[in-house]
Amino acid sequence: MKVEVLKNVFEKNENAAGENRRRLSARGVTCINLLGGAGCGKTSILEAVLPALTKSLRVAVLEGDLATTRDAARIAELGVPVVQLLTEGGCHLNATLIEHGLDRLPLDEIDLVIIENVGNPICPANFDLGEHLRISVLSVTEGDDKPSKYPLLFKGVAAVLLTKCDLLPHTDFDIEQARQDIRRVNPHAQIFETDVKNGAGIEQLAQWILTQCQQPAPPSLCSKE
Amino acid sequence: MHEFSIARSLVEAACAEARRVGASRITKLIFRIGVLRQVDDWLMKEAFDLAAGGSLCDGCILSIEKTHLQALCPQCQVRFAIREWNWNCPTCGAEGEDAIGGDELELLSLDAEIPDESGSPEKRL
């Protein structure tokens, strides 16, 4: 017998993600999912922007990694509460891992949770974690072809951070090409050109994140609810 | 290697559906997946066989239907599929605008064996 189904296969993860989002929204907590390939500069961006954010927000970080607690240690040095989520070889975080991470945070005393996903340009983009906003990171050393190779990483995100822009003179990275390809799949994304060595773009990024947190109900760009 | 997570979710969804209709076994699944998901078909089938082991989907044929990223031509209002990152409308050449599509992850249908009341085949899970 043939049974017609038409069922979203990720329903279970999306239900768990929806539950996380409701739990966070109910406490007025904004949640950002930070994604990008290994070595694109996600942790360095956090180190650069957290001091500006913590002046006016209570921030916590969920640090996703395959192994080691090195990134979590870097965040903890800034005095920001951090929970390490080890996937032990798994290439992405999922909503259930985030639920357990949130259990370990005093959510009533937090305004913003930033999830640093596992470094990988493909797999993490597939999984809704319950965030309100996604931010993608692309370093200029990775190449301007990445938006066309990994479009899901850029689709539906609220912002794209082009990092390591101080290295532009040493690469063939074509900023206009990258911008055009990002816009093709995501005409509304805010694009920031950053460089943590000289602090370029960091203040603008911090201001933008603050504005997002001040929205009464943060937009659920990744949500299908 | 998100194929395994997808395979496990697919098996769970299919088994839930099979139980709902009282099936004893699933023989074939049709799964629609968008290219944006960047799934390798061979890896997907390997992962599916692993995830299906011992379940109602054990030994089931997985048929994969791929969908492409979609664009809408602002001039002629025609939807077209993006292939090889070519955003030009096949009719007028204008740059297309992003349209919904290409990120599907849908169980479309399944072929199920449903035991009749007399000689019902043995249920596996």
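Going along each chain's sequence as written, the residues are numbered from 1 onward. Naming scheme: in the order in which they are written, chains are lettered from A and ligands are numbered from 1. Where local features are concerned, this predicted model is filtered to residues with pLDDT of at least 70; where side-chain atom pairs are given and counted, the filter is 80 or more; whole-chain, interface and lining totals use all residues. Computation of side-chain values covers all heavy atoms of the structure but excludes hydrogens and water.

(A) Representation of the overall build of chain A in the model. Where helices and strands are cited, they refer to DSSP runs of H or I of at least four residues and of E of at least two residues respectively, numbered from the N terminus. Each helix and strand in chain A was counted, giving 8 helices and 8 strands. As a reference, a globule follows 2.2 Å times the number of residues to the power 0.38, and the radius of gyration itself is taken over C-alpha atoms. In terms of C-alpha radius of gyration, chain A reaches 17 Å, essentially the compact-globule figure of 17 Å for 225 residues. By its C-alpha atoms, chain A is 60 × 45 × 35 Å across when sized along the principal axes. Every one of the 225 residues in chain A was classed for burial, and the buried ones make up 56%. Note on contacts: a residue pair is in contact if any heavy atoms of the two residues lie within 4.5 Å. Here the analysis covers contacts within chain A between residues at least 6 apart in sequence; of these, 73% occur between residues at least 24 apart. Per-residue and other accessible areas follow the Shrake-Rupley method at a 1.4 Å probe size, with only the shown protein chains counted as cover for residues. If you sum the accessible surface of chain A, you get close to 9,500 Å²; carbon and sulfur atoms cover 49% of it. Across chain A, the centroid of the 23 positively charged side chains sits 4 Å from that of the 30 negatively charged ones. For the exposure calls, accessible area comes from a 1.4 Å probe over protein chains only, and a residue counts as buried if that area is under 20% of its type's maximum, exposed if over 50%, partly exposed in between. In this tally, Lys and Arg are treated as positive and Asp and Glu as negative; His is ignored, and so are the chain termini. Charged groups are reduced to one reference atom each: NZ for lysine, CZ for arginine, CG for aspartic acid, CD for glutamic acid.

(B) Summary view of the packing of aromatic side chains. Residues and elements named next belong to chain A. Stacked, tilted and edge-to-face are the three classes assigned to paired rings of Phe, Tyr and Trp, where Trp is represented by its six-membered ring and a pair needs centres within 6.5 Å; plane angles under 30 degrees give stacked, over 60 edge-to-face, the rest tilted. The full count for this structure, using the stated rule, is 3 aromatic pairs over all chains. Ring centres of Phe192 and Trp208 lie 5.8 Å apart, and the angle between their planes is 65°; this geometry places the pair in the edge-to-face category. A residue pair is termed long-range when its members are at least 10 positions apart, and Phe192 in strand β8 (residues 190–193) and Trp208 in helix α8 (residues 202–214) qualify at 16 residues. Take Phe192 and Trp208: they sit in the same class, and that class is buried.

(C) Structural detail: the interface of chain A and chain B. Opposite the 29 residues of chain A that make contact, chain B presents 32 residues. Put simply, buried area is how much 1.4 Å-probe accessible surface two parts lose in total, over both of them, once they are put together. By the criterion of area lost to chain B, the three top residues of chain A are Lys7(A), Val9(A) and Arg184(A), representing 24% of everything that side buries. A pairing counts as a salt bridge when a side-chain nitrogen of Lys or Arg comes within 4 Å of a carboxyl oxygen of Asp or Glu. One can count 4 salt bridges joining chain A with chain B. Notably, a salt bridge pairs Glu95(B) with Arg184(A), separated by 2.6 Å at the nearest N-O pair. Among the secondary structure elements, those contributing two or more residues to the side of chain A that touches chain B are β1 (2–8), α5 (146–149), α6 (151–154) and α7 (175–185) of chain A.

(D) Structural view of helix α1 (residues 11–26) of chain A. Residues and elements named next belong to chain A. The span one expects for a helix is its residue count, reduced by one, times 1.5 Å. With 16 residues, α1 extends 22 Å between its outermost C-alpha atoms, agreeing within 8% with the 22 Å of an ideal straight helix rising 1.5 Å per residue. Among the structural elements, β2 (30–36), α4 (95–103) and β5 (112–116) are those in contact with the buried residues of α1. Immediately downstream of α1, the backbone of Gly28 shows phi near 70°, a positive value.

(E) Structural view of the sheet that holds strand β5 (residues 97–99) of chain B. Residue and element names in this part refer to chain B. Here, strands pair whenever DSSP counts at least two bridges between them. In space, the 3 strands of this open sheet follow the order β4-β3-β5, with antiparallel pairing throughout. Both outer strands of the open sheet, β4 (79–81) and β5, are each paired with one neighbouring strand and no more. Across the sheet, the mean angle separating the axes of adjacent strands is 45° when strand polarity is ignored. For strand β3 (residues 70–72) and β4, the ladder comprises 3 bridges, and the chain directions are antiparallel. The residue bridging Gln70 from the neighbouring strand is Ala81, located in β4. Simply put, an axis is a line fit to the C-alpha atoms, just over the touching stretch for a helix, and the angle between two N-to-C directions goes from 0 to 180 degrees.

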